[in-house]
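Listed below, chain by chain, are the residues.
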Amino acid sequence: MSSIIQFDHVHYKYPGDEKESLCGISLSIEEGSFVAVLGRNGSGKSSVAKHMNAILVPDSGKVTVCGMDTADESNLLKIRRNVGMVFQNPDNQIVANVVEDDVAFAPENLGIPSAEIRERVDSSLELVGMLEYKKHAPHLLSGGQKQRVAIAGVLAMQPGIIVLDEPTAMLDPQGRKDVISTITRLCRENHMTVVLITHHMDECVNADEVIVLSAGSVAASGPPQEVFSDIALMEEQGLSSPETVKILYDLNREGFSFPLTTLGVDACAQMIADALESR
Amino acid sequence: MLKDITLGQYFPGDTIVHRLDPRTKLILVVLYIIALFQAEGWVSYAVVLAVSVLCMLLSHIRPKNLFRGLKPMLIIITLTALLNIFYTDGTPVVPGWIITWEGIARAVKMILRIVLLITGTFLLTYTTSPIALTDGLEMLLSPLKKWKVPVHEMTMMMSMALRFIPTLIEETDKIMSAQRARGADFETGSLVRRATALIPVLVPLFVSSFRRADELAVAMECRCYHGGEGRTRMKQLVMSSADHVALLLGVLFLAGIIVLKLLGL
Amino acid sequence: MADIKVVNLSHSYSIGTPFEKKALDNISLEIPHGQMVGLLGHTGSGKSSLVQHFNALLQPTAGQVYVGGVDINSSKITRRDVKHQVGLVFQYPEYQLFEETVYKDIAFGPQNMGLSSSEIDERVREAAGFAGVSEDLFEKSPLELSGGQKRRIAIAGVIAMRPGVLILDEPTAGLDPEGSRLILQNLCSYRRSTGSTVIIVSHNMDDMARIAERLIVLANAALVMDGTPEEVFSEPEKIRALGLNVPQSTQIALALKEKGIDLREPVFTHELLLNAILRIKEAAVC
């Protein structure tokens, strides 16, 4: 395993802002891992995402993606085709009137031959489970479907990394589930590196690593079990641990002694059941 | 509801007309419009009418859809017809009347001309997807690139505008409902009052359009958009023999109308 | 008193076209004044259509809607007046702000009601307080503010009409957990101080189970469940069968039941789950 994205003491301030949105942040993302980035609004999550494909470049410090410095203009296209980016509002990232034409947009920009674009479009739509909708008009799809089309749109660049900036914020529970299972599959089966920015804790349960941002720097990072079990930290960051952790935590205060590293509902219930039966 | 507006809507299908190359259809529409304006006599009008009816049948477009598209033009059509009826000199229908036989003939021709003009352009937009249309336009106009005309950028903007029309219509609907819920009234009052009542709709619509444009631009950059240079196409436009035949027929049609004109028919 | 009564309400979209779709199918219900109601269901279940009938933004295809005993669709005037009685906050209401200042935007509704400027001023300040909008923001442009602040301003804009019934469609959509919690807190205290009816349309079972007194569940345009959270969550399997999520605490309770530990009472909040488990522990000790 090697680090595929590296932030080195990155500072960034939006033009016209008084406060820095990133204050010397350093982090590293492993190739092929599923990383969730959490934090309250204004913690710098989106700025981090935009640094990952050189939409923003650091005021000072350095961001390296696949060994390339994002501040070097000559790397721009190479970085962007390697880091697919999906945003919150699916309506504002779909450019064409027909699903398949939209997915073709990126490979067309890259100057790929027609026949290969066709293949890429079909295989990308297949990966997100939207192949049967390829002739549909995007504005008639549901939010979750649109967002999966947007994911297919970046997959068609065949990137190694996909960064999603709150992709589920505008979706209903079904749409959220579909999007999260799609990106989990991309990571586990297609070995892509996935960076998911979110404030829904339940979406991070399957992540390899969780990074909690606060005021432009890293407040905590580690496997989700570890981070979520620090209930005080989660509260302080305006986040809330999953109910499974919270209930075990409160039961511990009543005389139980559960480890707080269980995130699954079933495993949590099993532990409580075992403890109750042994009495 | 705003959603019901047909604005150059595309009806997907698989007819001969649908399958023609968009470039062919664009050229044919131009030929058709020239022919329409060359038509003077009744025979010429009859030929143009017959040709457009034939194309409609071939494309399986229901007349109902066509009439729905014509509806908004009704006022203009009636107005021109009335003007022609009342302001043409000639033999009065009844002695002493202002209405003349010539006026009626001219009014009928005027109506025919407008309706046929709209029919022709509608046939194009009904049978050609907006993307194909802008692609075709870009390729037809591409010789202009030599003179630094930004053909790609212009057609890109066009297709983007087409893409966002439904989104913006939906948004307008939503904002109007929201302001109605706050007691805004769009239906009553004088014209000035009704115009000012639209401010609470137009301002948010503008603001959100700019936000959308901003986000869209970033999303396009993320997908490696860097202008038309070095761009390829998934759907290559290929002229088939059907296109060549159609173009030939189009030229013959125009030539025929011109001959009829010279013959005074 | 703005009691809502809905009798055999049906609504279809695009009638007479191939796209005709039934959004509401013969729904009858009564919401007495002062209730805190959570309206739940899938996207497309008819939730949004239903609440738009409560203030006559949509008119029934069949059936009647009464607010305070008046058939709101009986005339143009009742249709207009009901909008002052029943305030509706749409999804992402921040996108409807349009005035130059926060103050003017909140005042838009009361102004449309034709109130005096002193009355308007009183209402704007009161509404801002309820929605958690600081008066320091009054002279700012709504466009410069954060998403959460804009949302509060939009909510204040509706509260300022002093509606007897306040309806909010997904008021916490897209906000972070902290922002969501604060908005719900404000809504609860608004209801406590004014005694108005508050109806929240939501996907979030956890939130609704916690704050609502009554839950109404729609599925496929029909009303399928209606009752107190205790009643509704006494059949968690039924909610799951409808394809809806149950609160996380209910999920744990269901898993415990599968493992042979029946908590015996409906569980839908953290506290209920904790207490139920502790009770079983005590019982085991005795």
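Structure shown above.
Residues numbered from 1 in each chain as written. Chains lettered and ligands numbered in written order. Predicted model: local features only at pLDDT ≥ 70, side-chain atom pairs only at ≥ 80, totals over all residues. Heavy atoms only, no water.

This next bit is on the overall build of chain C. Each helix and strand counted, chain C has 11 helices and 10 strands in total. Relative to the 2.2 N^0.38 estimate, which gives 19 Å for 286 residues, the radius of gyration of chain C is 21 Å and therefore close to what a compact globule would have. A principal-axis box enclosing the C-alpha atoms of chain C has dimensions of 70 × 50 × 35 Å. When burial is assessed residue by residue, chain C has 56% of its 286 residues classed as buried. (Helix = DSSP H or I, 4+ residues; strand = E, 2+ residues; numbered from the N terminus. Rg over C-alpha atoms; globule rule 2.2 N^0.38 Å. Buried < 20%, exposed > 50% of the residue type's maximum accessible area, 1.4 Å probe, protein only.)

Now for the overall build of chain B. Secondary structure summary: chain B contains 11 helices and 0 strands in total. Going from N to C terminus, chain B has its helices and strands arranged as α-α-α-α-α-α-α-α-α-α-α. Here chain B has a C-alpha radius of gyration of 23 Å; the compact-globule value for 265 residues is 18 Å, and the former is much larger. If one aligns the C-alpha atoms of chain B with their principal axes, the spans along those axes are about 65 × 55 × 35 Å. Counting all 265 residues of chain B, 40% fall into the buried class. Put simply, of all contacts in chain B between residues at least 6 apart along the chain, 72% involve residues at least 24 apart. In chain B, the 27 positive side-chain charges and the 19 negative ones have mean positions that sit 3 Å from each other. (Contact = heavy atoms within 4.5 Å. Lys, Arg positive; Asp, Glu negative; His and termini not counted. Charge placed at Lys NZ, Arg CZ, Asp CG, Glu CD.)

As a further point, take helix α4 (residues 117–131) of chain C. Residues and elements named next belong to chain C. For α4, with 15 residues, the first-to-last C-alpha span of 21 Å sits near the 21 Å given by 1.5 Å per residue. Taken together, the buried positions of α4 are occupied by Ile120, Arg123, Val124, Ala127, Ala128, Phe130 and Ala131. Viewed along the axis of α4, the buried residues span an arc of 155 degrees, placing them on a single side of the element. Across α4 from its buried face, at more than 90 degrees, point the exposed residues Ser118 and Gly129. On the buried face of α4, the contacting elements are α3 (102–112), α5 (147–159) and α6 (177–194). (Expected span 1.5 Å × (residues − 1). Arc of directions from axis to C-beta.)

A few words now on the interface of chain A and chain B. Bring the parts together and some accessible area is lost; that lost area is often taken as the interface size. Across the contact, 36 residues belong to chain A and 30 residues belong to chain B. Between chain A and chain B lies a buried interface of about 3000 Å² when both sides are counted; carbon and sulfur atoms form 54% of it. Summed over the shared surface of chain A and chain B, the number is 5 salt bridges. Linking A:Arg80 and B:Glu221 is a salt bridge whose minimum nitrogen-to-oxygen distance equals 3.4 Å. On inspection of chain A and its partner chain B, the count reaches 18 residue pairs in polar contact (both at pLDDT 80 or more). Broken down by secondary-structure element, the contributors of at least two residues to the side of chain A that touches chain B are α2 (76–82), α3 (99–109), α4 (114–127) and α5 (143–155) of chain A. Ranked by the residues each element gives to the side of chain A that touches chain B, the list is headed by α3(A), at 10 residues. (Buried area = accessible area lost by both parts, 1.4 Å probe. Salt bridge = Lys/Arg side-chain N within 4 Å of Asp/Glu carboxyl O. Polar contact = N/O pair within 3.5 Å; in protein donor to acceptor, adjacent residues only side chain to side chain.)

Here we take up the sheet that holds strand β1 (residues 4–13) of chain C. Residues and elements named next belong to chain C. On the basis of which strands lie adjacent, the open sheet formed by 4 strands has the order β2-β1-β4-β5 and antiparallel pairing. Of all strands in the sheet, those with a lone pairing partner are β2 (21–31) and β5 (70–71), marking the two edges. The pairing of β1 with β2 spans 7 bridges and is classified as antiparallel. Looking across to β2, one finds that Ile4 is bridged to Ile31. Seen against the sheet, helix α1 (residues 47–54) touches β1, β2 and β4 (62–67) and runs at an angle of roughly 55 degrees to β2. (Pairing = 2+ DSSP bridges. Axes fitted to C-alpha atoms, helices over the stretch in contact; angles between N-to-C directions.)

What follows is about the interface of chain B and chain C. Of the residues lining the interface, 16 residues belong to chain B; the matching set on chain C comes to 18 residues. It is B:Ala178, B:Ala181 and B:Arg182 that lose the most area in chain B upon contact with chain C, and together they represent 42% of the buried surface on that side. In this assembly, chain B and chain C are joined by 1 salt bridge. We note a salt bridge from C:Asp105 to B:Arg182, for which the minimum N-O separation is 3.0 Å. The interface formed by chain B and chain C includes 3 residue pairs in polar contact (both at pLDDT 80 or more). Secondary structure elements with two or more residues in the side of chain B that touches chain C: α8 (151–181) and α10 (199–222) of chain B. Looking at the side of chain B that touches chain C residue by residue, the class counts come to 9 nonpolar, 4 polar and 3 charged. (Nonpolar A, V, L, I, M, F, W, Y, C, P; charged D, E, K, R; others polar.)

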